[in-house]
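Summary of the model geometry
What follows is the residue order along each chain.
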Amino acid sequence: MLKAALGGVAAIGAVGAAVRVGSGADPETGSRTLRLAGSASEGIGELEVPLDGPLLARRADDRWETTGLASTPYSMLALTWDAEESSPEAEVRTRSDHGWSDWRPVPALSDAPDARSGEGSGVAGTDLMWIGTSDGVQVRVGPSRPSGLTLVLLHPWAQPADEAAADGLDVPLGRAADESLSQAGRVPRPRQRGRRQWGANERWRDGQPRYIRTIKQVHVHHTASGNDYRRGDVPALIRGMYRYHTRYLGWSDIGYNFLVDRFGRIWTGRAGGSGRLVRGAHTLGFNATSAGVAVIGNFELVRPADEVLDAVAAIAAWKLHPFGRDPKGNVRVRSEGSDRYRRGRKVRLPTVDGHRDTNQTACPGSHRYRHLPEIRQRAAALVRRYSKVRLVSPPTLSGTPVLGST
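Residues numbered from 1 in each chain as written. Predicted model: local features only at pLDDT ≥ 70, side-chain atom pairs only at ≥ 80, totals over all residues. Heavy atoms only, no water.

Some details on unusual backbone geometry
The omega torsion across Gly142 and Pro143 is -5°, close enough to zero to call that bond cis. Mapping Pro143 onto the fold places it in the loop between strand 11 (129–142) and strand 12 (150–156). One non-glycine residue, Asp62, adopts positive backbone phi at about 70°. Within the element layout of this structure, Asp62 appears in the loop between strand 4 (57–58) and strand 5 (64–65). (Helix = DSSP H or I, 4+ residues; strand = E, 2+ residues; numbered from the N terminus.)

Put into structure tokens, the structure is as follows:
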């Protein structure tokens, strides 16, 4: 991993560049400049800044805080620390053309692979925040400072194909389904943009996709990132999440099976075939029998658009219907170990649930969680619509393509 501190130099293996903090002082903050490595041609700029040294000073109220740190442009940030440590209460403020922002919390990430999945690197972290282009950052944590605490700055560069990917396929997505792909009696695959369209660098992921045998649940998440992104920002935003999950948290791929942007457009997440039963890393303890859908944004702050509800309902109906799951019902599942349910415990949960039902988290945000009954209703309506003709044969459980996959 690339590391840097004020006055230090470190190599970045993946990008093949050096990270250096500039010697010139920023006229506003008085600090030297944090410089991200990478370029537009390489796809992403990135930097790790260790905060378990003198850079993070203790305040009189027993919290820890940096000075305002100048940087070259970045648009996403997170904090990581050693996984065995307790999660810190963290806040950041950032500087853009409009000056310094207010302090905002950076919540601990509760999306994760299961312990037996072989993913992970002993590092825990926060959600990855979409800040928009910024050139300064200040961090404070408390009351404790975990070992290995590190600030991660990312700047996924816009690519020529991003606007085309963002502009294409703008159709009502929920009602949603692509009927040309429907099989008799099955909810068809919703229209979606694939990994190629958001620009996934397949060299970043590690290993082959893993598959599960059934889907009992669809878990609904939010990414807890910003809500003010544009349509054309979405591919770069997903690339940033992909880089964070793989390089900095050590996961084999982006954690979510699907992502939905605030405009109601569906994007394929994990590799392995969107119509196949790909095991994700989205809901600690419950990845073995589920699919995970993350809405890009923070829905503690805003209400989801109607198009977003349609899109999530379309995914849920498509994934649950072949296995006879009722989107408005409940199901018994066995936990593989989460911070809410111990390993081996059987739990009765909604078939379409929010992340907070399985883990200690605010995800998918209070506004999003409040709309889950409506999502269930819309998914059930899609199931009824496409259930007029009985299935000729039962769905496969082997992980082979189903439901008109591509």
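Describing the packing of helix 4 (residues 306–320) against helix 6 (residues 372–385)
The geometry of helix 4 relative to helix 6 is characterised by a closest axis approach of 8 Å and an angle of 55° between their N-to-C directions. Classified by the interaxial angle, the pair formed by helix 4 and helix 6 is oblique. Between helix 4 and helix 6 lies a crossing of right-handed hand. The residues of helix 6 that touch helix 4, namely those facing Asp306, Leu309, Asp310, Val312, Ala313, Ala314, Ala316 and Ala317, are Glu374, Ile375, Arg378, Ala379, Leu382 and Val383. (Axes fitted to C-alpha atoms, helices over the stretch in contact; angles between N-to-C directions. Parallel < 35°, antiparallel > 145°, perpendicular 65-115°, else oblique. Left-handed = near helix turned anticlockwise from the far one by under 90°. Contact = heavy atoms within 4.5 Å.)

Let's talk about the pairing of strand 17 (residues 330–334)
The two faces of strand 17 differ: Val331 and Val333 on one face are buried, but Asn330, Arg332 and Arg334 on the other face are not. Pairing between strand 17 and strand 18 (residues 346–350): 5 bridges, direction antiparallel. Looking at strand 18, one finds that Arg332 is bridged to Arg348. (Buried < 20%, exposed > 50% of the residue type's maximum accessible area, 1.4 Å probe, protein only. Pairing = 2+ DSSP bridges.)

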